[in-house]
Amino acid sequence: MHAVVVIESCFGNTSKVADAIIEGLRSSGADVQTYPAGSAPRRLAADLLLVGAPTHNMGLPSSASRDQAARKGAAAAASGVREWLAEIEALEGRVVTFSTTTGGMLAGSAGKAIVKGLKRRRISAEHGGDFTVDGTPGPVAVGELDRARQWGRTLGAALQL
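None of these values were measured; they are calculated from a predicted model. (Residues numbered from 1 in each chain as written. Predicted model: local features only at pLDDT ≥ 70, side-chain atom pairs only at ≥ 80, totals over all residues. Heavy atoms only, no water.)

(A) Main features of the pattern of salt bridges. Per the stated rule, a full pass over the model turns up eight salt bridges. With its nearest N and O atoms 3.4 Å apart, the salt bridge here joins glutamate 87 to arginine 42. Taken together, the positions of glutamate 87 in helix α3 (residues 81-87) and arginine 42 in the loop between β2 (31-36) and β3 (43-54) put the pair 45 residues apart, joining distant regions of the chain. For glutamate 87, a relative accessible area of 41% corresponds to the partly exposed category. According to the relative accessible area criterion, arginine 42 is partly exposed, its value standing at 42%. (Salt bridge = Lys/Arg side-chain N within 4 Å of Asp/Glu carboxyl O. Helix = DSSP H or I, 4+ residues; strand = E, 2+ residues; numbered from the N terminus. Buried < 20%, exposed > 50% of the residue type's maximum accessible area, 1.4 Å probe, protein only.)

(B) Focus on the environment of leucine 145. Among the structural elements, leucine 145 can be located in helix α5 (residues 144-160). Contact partners of leucine 145, with chain neighbours within four places excluded, come to Lys16, Val17, Ala20 and Val140. (Contact = heavy atoms within 4.5 Å.)

(C) Geometry of helix α1 (residues 13-27). Over its 15 residues, α1 runs 21 Å from end to end, which matches the ideal 21 Å to within 8%, given 1.5 Å per residue. Listing the buried residues of α1 in full gives Asn13, Thr14, Val17, Ala18, Ala20, Ile21, Ile22, Gly24 and Leu25. For α1, the secondary structure elements touched by its buried residues are β1 (2-7), β2, β3, β4 (90-101), β5 (126-132) and α5. Taken from the residues just after α1, glycine 29 is the one with a positive phi, measuring 95°. (Expected span 1.5 Å × (residues − 1).)

In structure tokens:
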């Protein structure tokens, strides 16, 4: 099974979650390839395509929210998932999204925003889940990396069937 992970991270929390998911996928026998969203190909094909980003302002990071994060010490890229979504030509395979969020009813979800963005491009995707971070800079909440690792194992096992 071949999996591709496209990731955007500002404070490193979403990258840590992605790494845990990848670890779970690999433990299930998956071959995993990763791309930072700012340099991900416009065409991708795999058995599983995972797209993840941090939640900013209840949705996807924008250039303004990345600038704001950088002023708070983040290593934010110039472009991310939002810009990549606007340029996608084709995604082939099962597409699942995830995101990091501070939690709560009003926090929003970058993962859900990615699903909406893909639907606008007529690409089917499902929201896999959100992983909680403790505050804007993090760290990832206790137990969330274990949950991400287990989710990766579950995704990998399902694709092996």
